[in-house]
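# Remarks on the overall topology
Chain by chain, the residues:
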Amino acid sequence: MKKNKSMRLAALCTGTAVFALLSATSSAFAEGELRLYNWSNYFSPDLIKKFEEETGVSVTIDNFASEEDLLAKLQAGGGGYDVIFPGTTTLGVMVKEDLLADIGVSKMENFKNVLPAHQTIAGDESRTFSAPYMWGTTGFSYDPKKVPEGKMAESWEAIFKPADELKGNIAMLNEMSDVWNAGAYYLGISKCTEDAAEAQQILDLLMEQKPAVKLYSNDGTIDRMVAGEVAVHMQWNGAAHRVKEKNPEVVYVYPKEGTTFWTDVMAVPKGAPNLENAKKFVNWMMVPENAAAASNYTGYSNAIKGSGEFLKDDLKNDPAVNTPEEYNDRLRAYEACSEKSRDLRERVWTKLKS
Amino acid sequence: MTPARRRTFFNFWLIGPAALAIIIFMVIPLAMMAWISIQSRSYGGGVHWGELSAEAWLRFLFERNLDDSLSWSVTYTVIIIRSIWLSLITTVLSLLVGFPTAFFMATRDRKWRTLLVFMVTLPFWTNLLVRNYAWILILRDYGTANGLLMWLGITDQPLPLLHNQFAVAVGLTYSFLPFMVLPIYSSLEKLDLRLVEAGFDLYASRWQVLRNIIIPLAIPGIIAGSILVFIPALGSYVTPELLGGGKTLMIGNLIGHQFGAARNWPFGAALGLFLLALVLLAMTVYALRGRERGGKP
């Protein structure tokens, strides 16, 4: 999803090698095996060790470089994996194509720990197939030293209709759905709208903002903020957290009209060789302490109540990562929009960029 | 077999592998592209095979308004014209920088020439992506260029050098300059300096010598260089993406977007074919010019 894919790719080789080594030493476990298939650098090796010690199951992990790879492998017959970690869009396709095993996540013992907003997800509304793993938000961050009066409103208005001093000093993500969603939230329009007039409103809003935008880009958002090249950057929260490591004054905003969040989930492919261990693992991952250990490694939020106290301090104390309770009602889940709506969105985007 | 027939037979087998490679790796994919461009699109990516539709081609000039009625649209025409315009600017800039460079190189000693040619090709040892990122560092607000300008006191505010068409033109010119320098150099290297001397003996001014003797003799190199710069510039993707700040699309980016985020394969394929047609047009002009000049392009 939104994590740095090239970084993951780079770490892929190292990751695989480390885990191959780990699995070689742990092949003596008696309780059978568990094979995970995940992004590289996206699962804590310590956590794997902990699971092995507590359950006696031997765990191996493989890495994919893109969700297309993951999907292709599953469509070609499962690949022998027990637990996979797709994003929301891919999850929807997998459910629709009947690729996942019914593991009854919502009936699991630890499902009660899942935050209310994550108890349902587009494509798997009743949480039959998937449990939340990591999630993040798309808001914006700003440097108080560079904005008028050192403060910006917690609203998309602050970047869609910027103060004169900020014109030309704003960077937007170059991500069609995130930008479209933000516009829709601000205007109070459904992000899955099929109404041409509403789409036109979003286009007008974005066109009006465009002259004030310095650039649209997904790359180097962290450096750009740290180097002070822009005062405001529409950004993913994980990136904002890393900006704050270098410049603690930076503020990450959850705009009040709505802040999209994306989710990566855990699911089990049909015909998984170790179904029982897979269920055990998914349930185990919903224990607050374990979810926190996963977050400490990835730097992204988990969806488990009570995991906050186990987080590393720098994550716990950063509202960009550990979303404050009062912002929960600002979060907006992914929705699978109709073809017509997606077509409108795409035409708005091309018109914006031409 | 007669010797002649044997030769034909033999030639057939010699040409066979190359012809096969061209058919498999060029003719068939192009035919697939053409076929895909007239299918109706599937919104998850891909197409509905067999469902014919002219929608992709209509998009070039007409736009389905957001309410689905057709009307004239300049959305894509603007991008296409911008691509051609930026490529032309790139070609002219490359020529302005490249010609003097090539002339300088061609008039050095032989041993120096080899070294200079080597130095012109040196940037190719670095990946295009890396070179474009280097330009980001140079052109950014507090980068090298602005730092120098402000240090010299020419300006006290950083100039907006990055994320606009200027940056794209600079980046493209830098990327493709060697393609201009080398053909001109090879034309000028063969230049008979006695012709220049003869010109001066006949009281021609420096300008007249340049205009009436050197440039006409360098024309083949200039044309070849211009074609070599213009064509890759037209399809460039990385430079407008990185240096244009995602605000100035060129055809390459538009194609990338259609196959990526937009998942509109038919339109992507149609754009790809259109780009190919533009390139062929440029090549044809070149070939025709060559024929006019007596078969020596």
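Rules behind the numbers
- Residues numbered from 1 in each chain as written.
- Chains lettered and ligands numbered in written order.
- Predicted model: local features only at pLDDT ≥ 70, side-chain atom pairs only at ≥ 80, totals over all residues.
- Helix = DSSP H or I, 4+ residues; strand = E, 2+ residues; numbered from the N terminus.
- Rg over C-alpha atoms; globule rule 2.2 N^0.38 Å.
- Buried ≥ 20, exposed ≤ 12 C-beta atoms within 10 Å, placed from the backbone.
- Domains from an automatic or database assignment.
- Contact = placed C-beta atoms within 7 Å.
- Nonpolar A, V, L, I, M, F, W, Y, C, P; charged D, E, K, R; others polar.
- Core = buried A, V, L, I, M, F, W, Y, C linked by C-beta atoms within 7 Å.

Another point: the overall build of chain B. Across its full length, chain B carries 12 helices and 4 strands. Scaling as 2.2 N^0.38, a compact globule of 297 residues should have a C-alpha radius of gyration of about 19 Å, whereas chain B reaches 24 Å, well beyond that. For chain B, with 297 residues in total, the buried portion stands at 32%.

Where interface size is given, it is often the accessible area lost as the parts come together that is meant. Residue and element names in this part refer to chain A. With domains assigned, chain A is organised as domain 1 (5-135 + 262-326) and domain 2 (136-260 + 333-353). Of note, the centres of domain 1 and domain 2, computed from C-alpha atoms alone, are 29 Å apart. The interface is formed by 14 residues belonging to domain 1 together with 12 residues belonging to domain 2. When the residues that make up the side of domain 1 that touches domain 2 are grouped by side-chain class, the tally is 8 nonpolar, 5 polar and 1 charged.

Among the nonpolar cores identified, the biggest contains 99 residues, and Val83(A), Met266(A), Ala267(A) and Val282(A) are the most heavily contacted of them. Ranked by residues supplied to this core, first place goes to helix α6 (residues 176-187) of chain A with 7 residues. Shared between two domains, this core takes at least three residues from each, and those domains are domain 1 (5-135 + 262-326) and domain 2 (136-260 + 333-353) of chain A. Apart from the residues lying within four places of it in its own chain, the contact partners of Val83(A) are Leu34(A), Leu36(A), Met266(A), Val268(A), Ala278(A), Phe281(A) and Val282(A). Counting residues in hydrophobic clusters, the runner-up holds 52 residues, among them Phe99(B), Val170(B), Leu177(B) and Leu271(B).

Let us look at the interface of chain A and chain B. With 19 residues of chain A in contact, the opposing surface of chain B contributes 16 residues. Only α7 (196-209), β6 (213-216) and α13 (339-353) of chain A provide two or more residues apiece to the side of chain A that touches chain B. Per-element accounting of the side of chain A that touches chain B gives the leading share, 8 residues, to α13(A).

All names here are of chain B. The phi angle at histidine 163 is positive, at roughly 60 degrees, despite the residue not being glycine. Mapped onto the elements, histidine 163 comes out in the loop between α6 (144-151) and α7 (165-189). Classification of histidine 163 by C-beta neighbours within 10 Å gives buried; the count is 27. Even without glycine at this site, tyrosine 203 takes up a positive phi of about 65 degrees. In this structure, tyrosine 203 sits in the loop between α8 (193-201) and α9 (206-234). On the basis of neighbour count, tyrosine 203 is assigned to the exposed category, with 7 C-beta atoms found within 10 Å.

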